[in-house]
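Spelled out from the first residue to the last, the chains are:
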Amino acid sequence: MRSSTHTGTFAAAPSPRGDALPEPRAPRLWGRARRALPFALALGLVAFVLGRLDFGAFRAALSRVDAPLFGAFAAVFILALLAADTFATVLVYRRLIAPVAFRDFFVLRGASYLPSLLNHHVGQAFITVFLARAHGVPLARVAGATLVVYASWLGCLLLLAAVAVPANGGPLAGSALLLGAGVLYLALLALRPARLARTKLLAPLFEAGVRGHLVALAARVPHLLVLFVGTWLPFGLFGVRIPFGAALTYIPILMVAVTLPLTPQGFGTRDVLAAALFERFAAGATREERLAAVAATTTTWAVALTLVEAALGLALLRGALPHMEAKRVTGAAGSGAAGDAGSSAAGSGAAGPGAAGSGVARSEPA
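Residues numbered from 1 in each chain as written. Predicted model: local features only at pLDDT ≥ 70, side-chain atom pairs only at ≥ 80, totals over all residues. Heavy atoms only, no water.

**Thoughts on the pattern of salt bridges**
Alright, step 1. Taken as a whole and judged by the stated rule, the model has five salt bridges.
Alright, step 2. Note that D85 and R220 form a salt bridge whose closest N and O atoms lie 2.8 Å from each other. Residue D85 is found in helix 3 (residues 67-96), and its partner R220 is found in helix 10 (residues 203-237); the two are separated by 135 residues along the sequence. The pair formed by D85 and R220 is uniform in burial state, with each residue classed as buried.
Alright, step 3. Across the salt bridge formed by E207 and R141, the nearest N and O atoms sit 2.6 Å from each other. (Salt bridge = Lys/Arg side-chain N within 4 Å of Asp/Glu carboxyl O. Helix = DSSP H or I, 4+ residues; strand = E, 2+ residues; numbered from the N terminus. Buried < 20%, exposed > 50% of the residue type's maximum accessible area, 1.4 Å probe, protein only.)

As structure tokens, this is what we get:
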């Protein structure tokens, strides 16, 4: 091979624009623009909402709420949501990944609230990568288990929508269509197409099977109820009285929209959608007053949740999570040392009729 200083026939010809090649700026600029786009979209949507408001009515709507009580309500909601989410999710990971303890996953899920401030799915990716490294499981398999978690969540939303459509005078055909989508998915799991079932990412879905999905769905119901109530009740505190039937229809739409990877924490997305869905339920003689009541709800609730999640996520990420990881590593090292000692003792013993069968195979997590 020729060295980089070779000046013979195969030497690189000088660039016609100079000795130094231009730095490829376009991909880097595009990456920065793509990361900034959600924030720009959030600012644009919030500006659009604020541009239509009567700020006098907006301030009046804000003044109706006791700020300390509202903050305490947000904190209780987040803790209840975290507990319900942990209960539902840990069952899936125990079945498909490793014996994850409720307390450990509670800490991990709470710590994921900090990256979730950028986007809900960033937090889920944080959990997936952490579990893969902590338990020595391939990332694709943990991601597949996370898909089971998503499937249980979507199943709950399908059932909720199937109930809400006829409850609001909609056709039963709409409910049948929603339920039919769920039945088709379960039928696919029961059929277990070989090509899909052998895929590393999709294998956990088929291992869970129909029964596993139904168990995961049932365990997800408390989480759904907490999130539904926590999304619905704050509107009433600002004079936006949404009837239960209408809430069954529209609140799940808002719940899903906030998790879409469009804007951080659903800022802007939540405000625009809530204004379109709930203006008619707000108190106020004019449209501006009604929009102000809805905007006061969405902005205040979003800020309160963000502050609580940031504080909780930071505390767990910098405090409890490193301690939990250090404890896990110490425990693994102790187990390894004990295993080595046991192996040495077994190797030093005389071979006998029972020697070959005395070893215990080490089980791997499912």
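**Description of helix 7 (residues 139-167)**
Alright, step 1. With 29 residues, helix 7 extends 42 Å from end C-alpha to end C-alpha; this agrees with the ideal 42 Å at 1.5 Å per step.
Alright, step 2. Among the residues trailing helix 7, G169 stands out with phi positive, at a value near 85°. (Expected span 1.5 Å × (residues − 1).)

**A word on the nonpolar core**
Alright, step 1. Core analysis: the biggest nonpolar cluster contains 78 residues, and Y93, F235, V240, I242 and F278 have the highest contact counts within it.
Alright, step 2. With near-sequence residues (within four places) excluded, F278 lies in contact with F235, V240, I242, Y250, I251, L254 and V294. (Core = buried A, V, L, I, M, F, W, Y, C linked by side-chain atoms within 4.5 Å. Contact = heavy atoms within 4.5 Å.)

**Digging into the environment of L50**
Alright, step 1. Within the secondary structure, L50 is located in helix 1 (residues 25-51).
Alright, step 2. With relative accessibility at 29%, the residue L50 sits in the partly exposed group.
Alright, step 3. Between the C-alpha atoms of L50 and L291, which are 241 residues apart in sequence, the distance is 9.5 Å.

**Some points on the confidence of the model for the protein chain**
Alright, step 1. Within the protein chain, residue pLDDT values average 80, and 78% of them lie at 70 or more.
Alright, step 2. Throughout residues 1-13 the model reports pLDDT below 50, and contacts reaching past four residues in sequence, or to other chains, amount to two contacts.
Alright, step 3. For the stretch residues 341-366, pLDDT sits under 50, and the model shows seven contacts to residues farther than four places along the chain or on other chains. (pLDDT = per-residue confidence, 0-100.)

**Here we look at unusual backbone geometry**
Alright, step 1. For R192, which is not a glycine, the phi torsion comes out positive at approximately 50°.
Alright, step 2. By secondary structure assignment, the location of R192 is in the loop between helix 8 (172-191) and helix 9 (194-197).

**Details of the packing of aromatic side chains**
Alright, step 1. As enumerated under the stated definition, the model contains twelve aromatic pairs in all.
Alright, step 2. Considering the side-chain rings of F70 and F238, the 5.8 Å spacing of their centres and the 85° angle between planes classify their relative orientation as edge-to-face. Residue F70 is found in helix 3, and its partner F238 is found in the loop between helix 10 and helix 11 (244-259); the two are separated by 168 residues along the sequence.
Alright, step 3. Residue F70 is classed as buried on the basis of its relative accessible area of 5%.
Alright, step 4. For F238, a relative accessible area of 2% translates into the label buried. (Phe/Tyr/Trp six-rings, centres within 6.5 Å; stacked < 30°, edge-to-face > 60°.)

**A closer look at the packing of helix 7 against helix 11**
Alright, step 1. Put simply, helix 7 and helix 11 touch, their axes get as near as 8 Å, and they point 155° apart. As judged from the angle between their axes, helix 7 and helix 11 are roughly antiparallel. Handedness of the crossing formed by helix 7 with helix 11: left-handed. Here helix 7 contributes W153, L157, L160 and A164 to the contact with helix 11, which in turn contributes L248, T249, P252, M255 and V256.
Alright, step 2. Here the contact of helix 7 with helix 11 is built from residues that sort into eight nonpolar, one polar and no charged. (Axes fitted to C-alpha atoms, helices over the stretch in contact; angles between N-to-C directions. Parallel < 35°, antiparallel > 145°, perpendicular 65-115°, else oblique. Left-handed = near helix turned anticlockwise from the far one by under 90°. Nonpolar A, V, L, I, M, F, W, Y, C, P; charged D, E, K, R; others polar.)

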